[in-house]
Amino acid sequence: MSETNPAAAATSAEAAPHRYTAALAAEIEARWQDFWDADGTYAAPNPTGDLAGDPEVVARPKKFIMDMFPYPSGAGLHVGHPLGYIATDVFARFQRMNGHNVLHTLGFDAFGLPAEQHAVQTGEHPRVTTEAAINNMKSQLRRLGLGHDKRRSFATIDPDYYKWTQWIFLQIFNSWYDDEADKARPISELIAQFESGERAVPGHTRAWHELTATERADVLGEFRLAYASDAPVNWCPGLGTVLANEEVTADGRSERGNFPVFKAKLRQWNMRITAYADRLLDDLNELDWPEAIKLQQRNWIGRSEGARVDFPIDGEKITVFTTRPDTLFGATYMVLAPEHPLVDRFVPAAWPEATHDVWTGGHATPAEAVAAYRAQAGAKSDVERQAEAKDKTGVFTGAYATNPVNGDKIPVFIADYVLMGYGTGAIMAVPAGDQRDFEFARAFELPIVCIVEPTDGRGTDTSTWEDAFGSYDAKIVNSSNDDVKLDGLPVAEAKARITEWLARKGIGEGTVNFRLRDWLFSRQRYWGEPFPIVYDEDGVVHALPESMLPLELPEVDDYSPRTFDPEDADTQPETPLSRDEDWVNVTLDLGDGPKKYRRETNTMPNWAGSCWYELRYLDPHNGEQLVDPQIEQYWMGPRAGMPHGGVDLYVGGAEHAVLHLLYARFWSKVLYDLGHVSSAEPFHKLFNQGMIQAYVYRDGRGFPVPAAEVEELGGEYYYQGEKVTRLLGKMGKSLKNAVTPDEICAEYGADTLRLYEMAMGPLDVSRPWDTRAVVGQFRLLQRLWRNIVDEATGEVTVTDAEADEETLRVLHKAIDGVRQDLEGLRFNTAIAKVTELNNHLTKAGGAVPRPVAEPLVLMIAPLAPHIAEELWRKLGHTDSVVHRDFPVADPQYVVDETVTCVVQIKGKVKARLEVSPAISDEELEKAALADELVVKALGGAGIRKVIVRAPKLVNIVTA
Ligand code: ANZ
């Protein structure tokens, strides 16, 4: 690397002692970083509170520009990590130079498993390793010259921070969702309704004051937005913890560690995010987010409109959820999820007479068949169960239900393609309309009744069909009885009519179903926020009062969750906190005198701290409130085009599409409903940066070899003489291809690194890192320097002379273009334009006129702030470039020169027009037809056709 690096070449040091070298870059950068820190250059004033500052600045328009904050990994940063941080920094600097009060800072998402796993292995407190990692990362980031307001930085592990995470948990715990008001309200208001009798107490005939404390707690638990329940959860014995659905892979294993995950019933904390499903969907429409991310959130929430329908069975009923109630006449059998609790109630002692062998699975009794099938299905994950391609399995329960539209007795099966956790866990099977049902019907020789007239010419004889016909754009057939007639109706109308009929008969109703589940919120871990929750001697749950926050993590000797045989589903988690009996068992006065309590020993999941951090940046030292409402309103409140408010720009990886972004939106909405914030959405504009990729070289055994030591020979790659393969992949320590920002900064300086990362390509596209190409940006800075500074004397060489016309055109076009590019986050093309201008000056030779040099320096300032600050001062200014106005183009130099357009009539040239090269076809056609010569040449003849090839040709064909 160093042979090709001119920065390292000491040769010119004597001839040009003031050349822009790596050493000079290092000196300049360190000096300005120290200055900015001491000066508080990037401090963004609040309208009030301890960060209040210059009212003149506060009166400006404002911008809150934010990154997804990093997890402080012990491995530190590689050059891929800062891509987004540099991008937001360039944008923030640009906005500052456009007269905005800009809030830009960075904190640390510091609870997390790597530090905990390290603690488990070494016994070292995760706080120690995490803080060391934070300090390391801070100095790496500082070296990049990021313009952060450091007064606003924090880590989620700071007790001053997680005090408020716990406080928000309590707000959520102490509220319920009022469906009528369509918002969360304090639980005290629900209790008041129970007390006054305004609202009946569900599940009890006695009045509220007659219920025991336990009974009351249970009732409230059904309403609270944070609640504990014995829900089936993803239990991972190999990790000793339960996992959220999002942390389980498609093949039913833990995302981390790849251990088997089982469904187990455990008492866990949940967040009632499902209450917000509709609002989480609706409010997406107003957000400026990539469509792909919106789509992923919509799919995750999974709203389905349909109906619930009751099928009578043995004096009871099976309720199904269907999106196609219009196909009810084609329901020829039913399927329940194997674990559906109703199954045991109607399984008969013996098989009905003449039961088909395929239906019984060869078992002697229905009970035996059901038990065997359950055991088989229990070992599979939901995803495996739903896999499209797999053969349909199932077994007859021995029972028949009644199809309510035609009175047909239809067999009831259990099969694993029906999931307990979706809809009602039971379906009416319509093999003609649903592919899974079709395959099952074929496998189990069940009738297939055509109820939607095929539009693809296959005919209505289902015995000849090869698949189901599920179209929405078709008419219903074979679907009428004396009471309700669907025949001939299009699907949508049939749906409405049958739904109305079901409701009238009292056997069904229209309903909306969501795929979204409540958020499993507890973990059996040490390194997370403790729950501010205790249980009294009757097991009744109590919230700690705000005065007892933060509830700090106790010191423990052993950080490990107890893990178990990864294959043993019949185990139960044991949390690290539960082993500290002194911490767990406490005597507290919660307002009714000292009593004994047991603390909750789970901790919150990693996601908790990142659910609200944008708010704490606003008012990081507030000890009284989460955030001062006036300050929150100022930075994040709703405004024109942003009806829900939120951060102006949020940049991060697309991998957070559903987890972090959905959880953060949910917390925002709860805080909004309860009146703590004015913004109902956390992030108004979201941008996903691409990844920096790197080549991974592998030897014959497939092991990665150090990328830096690989040599290329005639298109082949060699490591220590051995041929290796090359593939583009991730950058990382384990792949031996990580390049650190520290190395590049040492080699060329931070400004070069910043320029290189921004110049690599459009920000949202992934790009391969190429260390050898970095020098290109270094040379740009060297030429920039040389255009302003004499390398021999260090003196500024600019003149006060006017610039020539051509230079002014190049300059103002650059200003115009760079402005638009920076505003649109197109940093690569902005750099290309600055380079063009700089090259123009280099080529022109001679001293650069000051009226060109100064805007050039200002334009590069957001991208390469250190060299810009240095040159700015050298140009004689005493104030920082950071708060200078970004140059504005003079329109007279921006208008393009013109090109000549030829106008032909019937192939003969009749006129020439001088037009802008950017003219559109429409404008050109208009101009041509209005031209005097053209009008004359046409002489009133009718026009048959005008062929336009902007900007050069118009061909008019006359009638
Ligand atoms: C009858 C029917 C006829 C259906 C037809 C579809 C097509 P989405 O859109 O995802 O909401 N279903 C309902 N609950 C289920 C469960 N727990 N496990 C597996 N499948 C379930 O899908 C809703 C449809 O999926 C429902 O509509 C039901 O099948 C099935 F021509 O009912 B349908």
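An unreviewed UniProt entry lists the chain under the name Leucine--tRNA ligase, from Streptomyces sp. 900105755. Regarding the chain, the relevant UniProt record gives this comment under Sequence similarities (unreviewed entry): "Belongs to the class-I aminoacyl-tRNA synthetase family." UniProt lists a comment for the chain under the heading Subcellular location (unreviewed entry), and it reads "Cytoplasm".

Peer 1: How do you make sense of the packing of helix α24 (residues 805-823) against helix α26 (residues 850-860) when you look at a structure like this?
Peer 2: Packing of α24 against α26 leaves a shortest axis separation of 11 Å and a crossing angle of 20°. As far as their axial angle goes, α26 and α24 are roughly parallel. The interaxial crossing formed by α24 with α26 has left-handed handedness. Of the residues in α26, those touching α24 at Thr807, Leu811, Ala814, Ile815 and Val818 are Pro851, Val852, Pro855 and Met859. Classifying every residue of the contact of α24 with α26 gives eight nonpolar, one polar and no charged.

Peer 1: Where do I start with the pairing of strand β9 (residues 316-322) in this structure?
Peer 2: Across seven bridges, strand β8 (residues 303-313) lies against β9 in antiparallel orientation. If you follow Pro312 over to β9, its bridge partner there is Lys317. In this antiparallel pair of consecutive strands, β8 and β9, the connection spans two residues, and Asp314 shows a positive phi of 45°.

Peer 1: Help me understand the site of the ligand in this model?
Peer 2: Inspection of the region around the ligand gives 18 residues, with Ser304, Thr322, Thr323, Leu419 and Tyr422 positioned closest. Ser304 has a polar side-chain atom sitting 2.5 Å from an oxygen atom of the ligand. Take Leu419: an N or O atom from its main chain is 2.7 Å from a nitrogen atom of the ligand. Here the ligand, which alone exposes 650 Å², has 84% of that area covered by the protein. Breaking the shell around the ligand down by element, the ones donating at least two residues are β9 and β13 (426-429).

Peer 1: What is the right way to look at the sheet that holds β9 in this model?
Peer 2: Pairing between the strands of a sheet is mediated by backbone hydrogen bonds and can be parallel or antiparallel. Spatially, three strands are ordered β9-β8-β14 in an open sheet, and the strand pairing comes out antiparallel. Among the strands making up the open sheet, the edge pair consists of β9 and β14 (508-514). Between one strand and the next, the sheet's axes are offset by a mean angle of 35°, whatever the strand orientation. Relative to β14, β8 is paired through seven bridges, and the arrangement is antiparallel. Paired with Gly306 across the strands is Thr511, a residue of β14. Where helix α16 (residues 491-505) meets the sheet, it contacts β8 and β14, and its direction lies at approximately 120° from that of β14.

Peer 1: Teacher, can you tell me more about the environment of Arg639 here?
Peer 2: Residue position: Arg639 is located in the loop between α19 (629-636) and β20 (649-652). Arg639 sits in the partly exposed class, given a relative accessible area of 24%. Note: C-alpha distance between Arg639 and Ser679 (40 residues apart in sequence) is 9.8 Å. Aside from chain neighbours lying at most four places away, what touches Arg639 is Lys62, Gly645, Gly646 and Asp648.

Peer 1: How should I be thinking about the sheet that holds strand β5 (residues 226-236) in this particular structure?
Peer 2: Spatially, four strands are ordered β6-β5-β7-β15 in an open sheet, and the strand pairing comes out antiparallel. Among the strands making up the open sheet, the edge pair consists of β6 (241-243) and β15 (519-520). Where β5 lies against strand β7 (residues 262-271), 10 bridges are found, and the strand directions are antiparallel. Across the sheet, the residue bridging to Tyr227 is Asn270, located in β7. The sheet strands contacting helix α6 (residues 159-173) are β5 and β7, and the helix crosses β7 at an angle near 95°.

Peer 1: What is the right way to read the side chain of His840 from this model?
Peer 2: Along the chain, His840 turns up in helix α25 (residues 827-844). With a relative accessible area of 15%, His840 lands in the buried category. Ignoring any residue separated from it by four or fewer positions in sequence, one finds His840 in contact with Glu806, Thr807 and Val810.

Peer 1: Help me understand the environment of Arg783 in this model?
Peer 2: Here Arg783 shows up in helix α23 (residues 774-788). The spatial distance from the C-alpha of Arg783 to the C-alpha of Tyr400 is 85 Å, given a sequence separation of 383 residues. Leave out the neighbours within four places in its chain, and Arg783 touches Thr835, Asn838, Asn839 and Thr842.

Peer 1: When you look at a negative patch on the surface in this model, what are you seeing that I'm missing?
Peer 2: A contiguous patch of negative charge, built from Asp179, Glu180, Asp182, Asp282 and Glu286, is present on the exposed surface. Note on placement: Asp282 falls in helix α9 (residues 277-282). Using a relative accessible area of 44% as the deciding quantity, one classes Asp282 as partly exposed.

Peer 1: Is there a simple way to think about the pairing of strand β4 (residues 183-186) in this case?
Peer 2: In summary, the side chains of a regular strand alternate between the two faces of the sheet. As defined by bridge partners, strand β3 (residues 175-178) adjoins β4 across four bridges and the pair is classed as antiparallel. From the neighbouring strand, Ser175 faces β4, where its bridge partner is Pro186.

Peer 1: How should I be thinking about the packing of aromatic side chains in this particular structure?
Peer 2: Remark: the centre distance and the inter-plane angle together describe each pair of aromatic rings, the angle taken between the planes. In this structure the tally under the stated criterion is 52 aromatic pairs. Their ring planes at 85° and their centres at 5.1 Å tell us that Phe169 and Phe531 sit as a pair that is edge-to-face. Separated by 362 residues along the polypeptide, Phe169 in helix α6 and Phe531 in the loop between β15 and β16 (533-535) bring together distant segments of the chain. Across the pair, Phe531 and Phe169 agree in class, each one buried.

Peer 1: How should the nonpolar core be read in this particular structure?
Peer 2: Formed by 185 residues in total, the largest nonpolar core has its most connected members in Phe169, Trp519, Phe521, Trp667, Met758 and Trp769. Counting residues in each nonpolar core, the second largest holds 63 residues, with Val309, Met334, Leu342 and Val477 among its members.

Peer 1: Help me out: how do you make sense of unusual backbone geometry in this one?
Peer 2: The residue after Leu549, namely Pro550, is reached through a cis peptide bond having omega -5°. Topologically, Pro550 is positioned in the loop between β17 (541-543) and α17 (581-584). Residue Pro951 is reached from Ala950 by a cis peptide bond, and omega for that bond is 0°. In this fold, Pro951 is placed in the loop between β30 (943-949) and β31 (953-958). One non-glycine residue, Leu825, adopts positive backbone phi at about 60°. Here Leu825 shows up in the loop between α24 and α25. Taking relative accessible area as the criterion, Leu825 reaches 7% and is therefore assigned buried.

Rules of the game
- Residues numbered from 1 in each chain as written.
- Predicted model: local features only at pLDDT ≥ 70, side-chain atom pairs only at ≥ 80, totals over all residues.
- Heavy atoms only, no water.
- UniProt positions renumbered as here; feature names shortened; annotations may be inferred.
- Axes fitted to C-alpha atoms, helices over the stretch in contact; angles between N-to-C directions.
- Helix = DSSP H or I, 4+ residues; strand = E, 2+ residues; numbered from the N terminus.
- Parallel < 35°, antiparallel > 145°, perpendicular 65-115°, else oblique.
- Left-handed = near helix turned anticlockwise from the far one by under 90°.
- Contact = heavy atoms within 4.5 Å.
- Nonpolar A, V, L, I, M, F, W, Y, C, P; charged D, E, K, R; others polar.
- Pairing = 2+ DSSP bridges.
- Near = heavy atom within 4 Å.
- Polar contact = N/O pair within 3.5 Å; in protein donor to acceptor, adjacent residues only side chain to side chain.
- Areas by Shrake-Rupley, 256 points an atom, 1.4 Å probe, with all protein chains shown as cover.
- Buried < 20%, exposed > 50% of the residue type's maximum accessible area, 1.4 Å probe, protein only.
- Patch = residues over 30% accessible without salt bridge, like charges linked within 9 Å, V, L, I, M, F, W, Y side chains within 5 Å.
- Salt bridge = Lys/Arg side-chain N within 4 Å of Asp/Glu carboxyl O.
- Lys, Arg positive; Asp, Glu negative; His and termini not counted.
- Charge placed at Lys NZ, Arg CZ, Asp CG, Glu CD.
- Phe/Tyr/Trp six-rings, centres within 6.5 Å; stacked < 30°, edge-to-face > 60°.
- Core = buried A, V, L, I, M, F, W, Y, C linked by side-chain atoms within 4.5 Å.

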